[in-house]
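# Structural characterization, general
Here is what each chain is made of, one letter per residue.
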Amino acid sequence: MVGFLARHEWKLLTASAVMRLVLIVFFLVIGAATLLGTARAARERQTYDVFQQRAAQQRAQPLSLRADVVANEKGWLAVVPPAPLAALAVGQSDVYPSYLRITARNLDALVTGDQIEHPLAVASGHLDLAFVVLFLYPLLIFAVSFDLTATERDRGTLRMVLAQPVSLREVVAGKMIARVVLLAIPIAVIPVVIGSVWFATAEFVVWTVAVLVYGLIWHGLALIVNARGWSAPANALVLAGVWLMFAIVGPATINLLIAVRYPMPSRVEAAVQARAATQDATLQGSRQLGQFLQDHPTSANVGRDGMRQFALLQARRDQQVADRLQRVEAAFDAQLERQQRLAGWLSVLSPTMVMQDVLLDVAGTSANRFEHFRAAAEAFQHEWQQYFEPRVLDAATLTPGDIAAAPVLAYSPEPATAILMRTALPIAGMLIVGLLLLLSGFKVYERYSL
Amino acid sequence: MIEALRLSKHFNGVPAVDALDLTIKPGEVFCLLGANGAGKTTTINLFLNFIAPTSGEARISRLSVVDHPVETKKRLAYIPEQVMLYRNLTGLENLRFFSRLAGAAADSDQELLGVLAQAGLPEAHARHRVGTYSKGMRQKVGVAITIAKKAEALLLDEPTSGLDPKAANDFSILVSDLARRGVAILMATHDLFRAKETGHRVGIMKHGRLVQVADTETLSHTDLEQIYLRHMHD
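First things first, this report covers the structure right here in the doc.

Parameters at a glance
Residues numbered from 1 in each chain as written. Chains lettered and ligands numbered in written order. Predicted model: local features only at pLDDT ≥ 70, side-chain atom pairs only at ≥ 80, totals over all residues. Heavy atoms only, no water. Helix = DSSP H or I, 4+ residues; strand = E, 2+ residues; numbered from the N terminus. Rg over C-alpha atoms; globule rule 2.2 N^0.38 Å. Buried < 20%, exposed > 50% of the residue type's maximum accessible area, 1.4 Å probe, protein only. Contact = heavy atoms within 4.5 Å. Areas by Shrake-Rupley, 256 points an atom, 1.4 Å probe, with all protein chains shown as cover. Lys, Arg positive; Asp, Glu negative; His and termini not counted. Charge placed at Lys NZ, Arg CZ, Asp CG, Glu CD. Salt bridge = Lys/Arg side-chain N within 4 Å of Asp/Glu carboxyl O. Expected span 1.5 Å × (residues − 1). Pairing = 2+ DSSP bridges. Axes fitted to C-alpha atoms, helices over the stretch in contact; angles between N-to-C directions. Phe/Tyr/Trp six-rings, centres within 6.5 Å; stacked < 30°, edge-to-face > 60°. Lys NZ or Arg CZ within 6 Å of the ring centre and 35° of its normal. 1 Å grid on protein atoms, 1.4 Å probe; cavity = no way out; pocket = protein on both sides within 12 Å on 5 of 7 lines; lining within 4 Å. Points joined across faces, edges and corners; volume = space filled by probe spheres on them. Nonpolar A, V, L, I, M, F, W, Y, C, P; charged D, E, K, R; others polar. Core = buried A, V, L, I, M, F, W, Y, C linked by side-chain atoms within 4.5 Å. Patch = residues over 30% accessible without salt bridge, like charges linked within 9 Å, V, L, I, M, F, W, Y side chains within 5 Å. Buried area = accessible area lost by both parts, 1.4 Å probe.

## Examining the overall build of chain B
Secondary structure summary: chain B contains nine helices and 10 strands in total. Its C-alpha radius of gyration of 17 Å places chain B within 12% of the 17 Å reference for a compact globule of 234 residues. For the C-alpha atoms alone, the extent of chain B along its principal axes is close to 50 × 40 × 30 Å. The buried share of chain B, reckoned over its 234 residues, is 55%. Taking the contacts inside chain B whose residues are at least 6 apart along the sequence as the reference set, 67% of them involve residues at least 24 apart. When the accessible surface of chain B is summed, it comes to about 9,800 Å², and 49% of that surface belongs to carbon and sulfur atoms. Taking the 28 positively charged and 26 negatively charged side chains of chain B as two groups, their mean positions are separated by 3 Å.

Put into structure tokens, the structure is as follows:
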């Protein structure tokens, strides 16, 4: 019976010209977001491939064999590979650097600002499927669900239906199923069709499950509001408020609370501080180097020992820079960690915040992926430094064998299972909340007055 | 058969229906008369199980509507003052939906168009959207639902209110026809003329109580009007 009622409801929904228009716009937005994301991901992959090719060529045919040039001036460019579902969510990829220049001196993490996108683009955000899912999908759920039974009750159609051998619970269940399917199908299917095999992955399955579960929460909220028995306009007003509260005002308030509790400079400010620290240390080091150059006005009288002395001075200067940078970064990272911990607790108050973390994690554009990459790059930098530092201090000229024996960064992103394990808990939490809301909605409907 | 056994419904302690005892046999049309707020619609709501009785029992075909909500609704049809159907669907599509909901056997276009024709709605109209229908045409779809589901009991709530005399007369003929098929009919109405013409018995309800029941065969239109007005003035 519920299946029959759901099919009937589907017919009514799709027969409405306004509903058809709304759905077409929704389909177009999903399609556009997926297409834009697919194009962006393709560009990222292309860039990554070019980087890899150039790096391989450089290793095969180095332009210089001087240790300090190979270790520091050329260094190693560690590039984070494109995430499997990067097309679906920009996430943190426009804030975190997608490559890090590794030298024997340090890891240019915060100061690598040249690759960060234009601030206006970052501030206004991108149209991606994650945005559609997080903000437009709930809005559309409310748009199609604000009048589950109110108008039918007010007009008397509901009395005609309930005079047949069917319960109000079955009628409402049929209406809900039609709406859940009507909106879930495009959001799950269009990306597959447009993105084709790109998304035939375990991550995409988890993405889709997360989207459906997230939808359940909003459908549940809509059900509860409908069950209160208010008029359709009143339902619309209340649901608009609910959307504003959970999707916009709630997350903004939480961010404000976090910022007040743990104020910290922005990433850009941290980069500026890091640059200032670098400049101070460089200036200090430069004075020493200047003195050295005054003492050795021509390269002819430097000699191998002089070169070693020069390298030592440089190394000292680099160490000072690294120490200053580490302090700035450590302070930034510690505060960031405190913020993230608090955000983790407070985000349970907003399904949008929980879902955002899940989507970005599954898409591979969350801070987690970049932190994982950064940790791997740091470990590699130590290897690189250990290998090259003695050779740089010795002012050595490398042999092709030395270069071939140099450490190589073979970065493996976090395994999918680790991401899936991490997202399982929030998805399960959202599922429980969604089911509880739906059950509560049906419970409240038991007191629905005709 | 439609039965009320000491059926009562109180709202905040105030009786809307008070110890109603009533039996309507198959083929009988019982017209419930009374002023606004007398308890007519509450009585119908009790038979539809839309509200729970405070005490007593409402029965359709000897089954309690509270204990057997699905079984009783299979046997029951309901036509309110405004038959509100799905405006975007045709009369035929509406009938198919309601008859399937009721588990009726008739399902093909041919069968359903035949049922609509019996209710007085020709095929040309049956294929139009209900949004274009007059009130009388929607009433006919309501009658068609009753025929399609082979209802044993029919509840009518002010069915001729707002209909022009011709449409009201047509509707009365349809109701009489349903009664001849053996349907037990309870009709709540203000229309004394239709009550006398269509009903076999009339009952006057006041403050939730059935204060008088009379056989229409023994009454003239004037008698019925005088009885009604006397109760209203008491």
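## Considerations on the pattern of salt bridges
Applying the stated criterion across every chain, the model contains 26 salt bridges over all chains. A salt bridge links R127(B) to D109(B); the nearest nitrogen and oxygen atoms lie 3.9 Å apart. Of the two residues, R127(B) is situated in the loop between α5 (123–126) and α6 (135–148) and D109(B) in helix α4 (residues 109–118); the sequence distance between them amounts to 18 residues. A relative accessible area of 42% means that R127(B) is categorised as partly exposed. Each of E9(A), E152(A), K175(A) and R179(A) takes part in salt bridges that share partners, so that together they form one network.

## Things to note about helix α1 (residues 2–15) of chain A
For α1(A), which comprises 14 residues, the first-to-last C-alpha distance of 20 Å matches the rise-based estimate of 20 Å (1.5 Å per residue) to within 8%. Buried within α1(A) we find F4(A), L5(A), A6(A), H8(A), E9(A), L12(A) and L13(A).

## Structural notes on the sheet that holds strand β2 (residues 14–24) of chain B
All names here are of chain B. Pairing in this open sheet of four strands is antiparallel, and the strands run β2-β1-β4-β5 from one edge to the other. Both outer strands of the open sheet, β2 and β5 (63–64), are each paired with one neighbouring strand and no more. Sheet strands touched by helix α1 (residues 40–47): β1 (2–11), β2 and β4 (55–60). Its angle to β1, the strand with the most contacts, is close to 115°.

## Some points on the packing of aromatic side chains
All names here are of chain A. One pass over the full model with this rule turns up 15 aromatic pairs over all chains. Ring centres of Y214 and W218 lie 5.9 Å apart, and the angle between their planes is 80°; this geometry places the pair in the edge-to-face category. With Y214 and W218 both in helix α9 (residues 202–227) and four residues apart, the pair spans about one turn of that helix. Take Y214 and W218: they sit in the same class, and that class is buried. A network of ring pairs unites the aromatic residues W76, F380, W384, Y387 and F388 as a single cluster. Directly above the ring of Y387 sits R391, whose terminal nitrogen or CZ lies 4.0 Å from the centroid.

## Describing unusual backbone geometry
Most peptide bonds are trans, and most residues other than glycine sit at a negative phi. Residue and element names in this part refer to chain B. The backbone of N49 shows a phi angle near 60°, a positive value even though the residue is not glycine. Of note, N49 is situated in the loop between α1 and β4. Overall, N49 belongs to the partly exposed group, its relative accessible area being 24%. Positioned with a positive phi, E158 is a non-glycine residue whose angle comes to about 50°. Of note, E158 is situated in the loop between β7 (153–157) and α7 (165–180). Under the relative-accessibility criterion, E158 is labelled buried at 10%.

## Some thoughts on empty space enclosed by the protein
One pass over the full model with this rule turns up two cavities of 30 Å³ or more. As a volume, the second largest cavity reaches approximately 50 Å³. Lining of the second largest cavity is provided by L5(A), H8(A), E9(A), V161(A), V171(A), K175(A), Y86(B) and F97(B). If you list the elements that add at least two residues to the lining of the second largest cavity, you get α1 and α8 (168–195) of chain A. Per-class residue counts for the lining of the second largest cavity are five nonpolar, one polar and two charged.

## Brief notes about the nonpolar core
With 103 residues, the main nonpolar core has I2(B), L155(B), I185(B) and L186(B) as its most contacted residues. Residues within four places of L155(B) in sequence aside, it is in contact with I2(B), I44(B), F47(B), L48(B), L76(B), A77(B), Y78(B), I79(B) and L186(B). By size, the runner-up hydrophobic cluster in this structure holds 52 residues, among which are I141(A), I187(A), V206(A) and I217(A).

## Description of the sheet that holds strand β6 (residues 76–79) of chain B
Sheet strands line up and pair through hydrogen bonds in the backbone, either parallel or antiparallel. Residue and element names in this part refer to chain B. Judged by pairing direction, the sheet is mixed, and its six strands sit side by side in the order β6-β7-β8-β3-β9-β10 without closing on themselves. Two strands close off the open sheet at either side, each with one partner strand: β6 and β10 (209–215). Geometrically, the sheet is characterised by an average inter-axis angle of 20° between neighbouring strands, direction not taken into account. Each of β6 and β7 is contacted by α6, which is oriented at about 175° to β6, the strand it contacts most. Across the sheet, helix α9 (residues 221–233) lies against β3 (29–34), β9 (201–206) and β10, angled at about 15° from β9, the strand it touches most.

## Details of helix α3 (residues 91–101) of chain B
Note that an α-helix has 3.6 residues per turn; residues three or four places apart therefore point the same way. In terms of burial, α3(B) is a largely internal element, nine of the 11 residues being buried. Buried within α3(B) we find G91(B), L92(B), N94(B), L95(B), R96(B), F97(B), F98(B), S99(B) and L101(B). In this fold, the buried residues of α3(B) make contact with α1 and α7 (157–162) of chain A together with α4, α5 and α6 of chain B. One or two steps after α3(B), the chain reaches G103(B), where phi turns positive at roughly 75°.

## Considerations on a nonpolar patch on the surface
Residues and elements named next belong to chain A. Taken together, the side chains of W10, I177, V181, I185, V189 and V193 make up a nonpolar region of the molecular surface, amounting to roughly 490 Å² of accessible area. For the nonpolar patch, the element with the most residues is α8, which contributes five residues. With respect to the helices and strands, I185 occurs in helix α8. What makes I185 partly exposed here is its relative accessible area of 42%.

## A few points about the environment of Q319(A)
Tracing the chain through its elements places Q319(A) in helix α12 (residues 303–346). Taking the C-alpha atoms as reference, Q319(A) lies 29 Å from P263(A); in sequence the two are 56 residues apart.

## Observations concerning the interface of chain B and chain A
Buried accessible area, meaning the area lost when the parts come together, often serves as the stated size of an interface. Between chain B and chain A, the contact holds 24 residues from the first and 21 residues from the second. Here chain B packs against chain A, burying approximately 2,200 Å² in sum over the two surfaces, 67% of which is carbon and sulfur. Contact with chain A buries surface across chain B, with M84(B), Y86(B) and L101(B) losing the most and accounting together for 30% of the total. The tally of links between chain B and chain A comes to one salt bridge. Between E93(B) and K11(A) there is a salt bridge; the shortest N-O distance is 3.5 Å. Looking at the side of chain B that touches chain A, the elements with two or more residues in it are α2 (69–74), β6 and α3 of chain B.

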